[in-house]
Amino acid sequence: MASKVLMPADRVIRKKKTDEEAEGFTLKAGMKNVKVRGPPSAMAFKERPAKATSFRKFYERGDFPIQLEHDTKGNKIAWKVEIEKLDFHHYLPLFFDGLCETVHPYEFFSRQGVHDMLEHGSHKVLPVIPQLIIPIKNALNTRKRSSVCTTLKILQHLVVSANCIGEALVPYYRQILPILNIFKNHNINKGDGIDYSQQRRENIGDLIQETLEAFETHGGPDAFINIKYMVPTYESCVNN
């Protein structure tokens, strides 16, 4: 018969001591059984709250010559005056300011209003470019997926809306491109699944690549070197 091993009565089973945490580069971080805590997240992709826009204030006050029109193809803007006769220095920056909006009808009116004005009044856009940079920057800085995608599509339309606009945007790349550099590789990896955002043109990474290529194509000889300075991973679509 096997003999039983008796434990001493005064023996105490000690629990394993858990490691303490400490901030990096401190005296405690060099001590034994201390776990160094990693740096906090930079929150680069975290959405920022948008400020109240002038577009919403003007719309609620009834200062825009627009109204909503329904037809068989969906909603569209019914302009009460001809777009070519509008004061672009006044109205176009206000519509760009509304790109931060994500609530209907403000989001629809601002987005569709910009497209309509770029399409029908393209010859008046070039002198207004300096007034559009801050609204574009504010919309991108919200880091909201819907706002960023809408702004990128607007930028692509803006570049091709008239001659010389692409070159006029080159001096403002330092204000526009930092956010594009952050989100350039921000794609959804679904493996073997289907990413329907590509069909709806809502994939941020693809839209950024298309926008940068449009900037280089229409931005003149200095466009690529300025894009490369702000987005180091970008490869030329013209020289290759």
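Residues numbered from 1 in each chain as written. Predicted model: local features only at pLDDT ≥ 70, side-chain atom pairs only at ≥ 80, totals over all residues. Heavy atoms only, no water.

Caption draft 1: View of the confidence of the model for the chain. Mean pLDDT over the chain stands at 83; residues scoring 70 or higher make up 85%. The low-confidence segment residues 190-194, where pLDDT is below 50, has 1 contact with residues more than four positions distant or belonging to other chains. (pLDDT = per-residue confidence, 0-100. Contact = heavy atoms within 4.5 Å.)

Caption draft 2: Just the nonpolar core, in detail. Within the largest apolar cluster, 56 residues are counted, with the highest numbers of intra-cluster contacts made by F95, M117, L158, L169, I176, L177 and F215. The element best represented in this core is helix α5 (residues 145-160), accounting for 7 residues. Sequence-distant contacts of F95, defined by excluding residues within four places in its chain, comprise F55, F64, I66, W79, F109, S110, G113, V114 and M117. (Core = buried A, V, L, I, M, F, W, Y, C linked by side-chain atoms within 4.5 Å. Buried < 20%, exposed > 50% of the residue type's maximum accessible area, 1.4 Å probe, protein only. Helix = DSSP H or I, 4+ residues; strand = E, 2+ residues; numbered from the N terminus.)

Caption draft 3: Representation of the packing of helix α4 (residues 129-141) against helix α7 (residues 173-183). Where α4 contacts α7, the axes come no closer than 9 Å and their chain directions differ by 15 degrees. In this view, α4 runs roughly parallel relative to α7, as classed from their interaxial angle. The two elements α4 and α7 meet at a crossing, and its hand is left-handed. Between α4, through I133, I136, K137, L140 and N141, and α7, the contact on the second element is made entirely by Q175, I176, I179 and L180. Residue composition of the contact of α4 with α7, by class: 6 nonpolar, 2 polar and 1 charged. (Axes fitted to C-alpha atoms, helices over the stretch in contact; angles between N-to-C directions. Parallel < 35°, antiparallel > 145°, perpendicular 65-115°, else oblique. Left-handed = near helix turned anticlockwise from the far one by under 90°. Nonpolar A, V, L, I, M, F, W, Y, C, P; charged D, E, K, R; others polar.)

Caption draft 4: Structural view of the packing of aromatic side chains. In the structure shown here, the tally under the stated rule is 12 aromatic pairs. Centroid distance W79 to F95: 5.8 Å. Interplanar angle 45 degrees. Geometry classified as tilted. Here F95 lies in helix α2 (residues 88-97) and W79 lies in strand β4 (residues 74-79), a separation of 16 residues in the sequence. Just as W79 is buried, F95 falls in that class too. Its end group placed over the ring of F58, R61 keeps NZ or CZ at 4.8 Å from the ring centre. (Phe/Tyr/Trp six-rings, centres within 6.5 Å; stacked < 30°, edge-to-face > 60°. Lys NZ or Arg CZ within 6 Å of the ring centre and 35° of its normal.)

Caption draft 5: Representation of the environment of L152. Its place among the elements puts L152 in helix α5. You can call L152 buried: its relative accessible area is 0%. With residues up to four places along the chain from it excluded, the contact list for L152 reads L180, I204, L207, I208 and T211.

Caption draft 6: Representation of the pairing of strand β3 (residues 66-71). Across 6 bridges, β3 lies against β4 in antiparallel orientation. By the bridge assignment for β4, L68 is matched with I77. (Pairing = 2+ DSSP bridges.)

Caption draft 7: Geometry of the pattern of salt bridges. Across all of its chains, the model carries 8 salt bridges by this definition. Taking the shortest distance from any N to any O, the salt bridge between K28 and E20 comes out at 3.1 Å. Salt-bridge contacts for E69 lead to K76; the nearest nitrogen and oxygen are separated by 3.9 Å. Salt bridges here are not isolated pairs; linked through shared partners, they connect E21, E23 and R37. (Salt bridge = Lys/Arg side-chain N within 4 Å of Asp/Glu carboxyl O.)

Caption draft 8: Structural context of the environment of D63. Here D63 shows up in the loop between α1 (54-60) and β3. Overall, the relative accessible area of 30% leaves D63 in the partly exposed class. For the pair formed by D63 and Y91, sequence separation is 28 residues and the distance between their alpha carbons is 9.9 Å.

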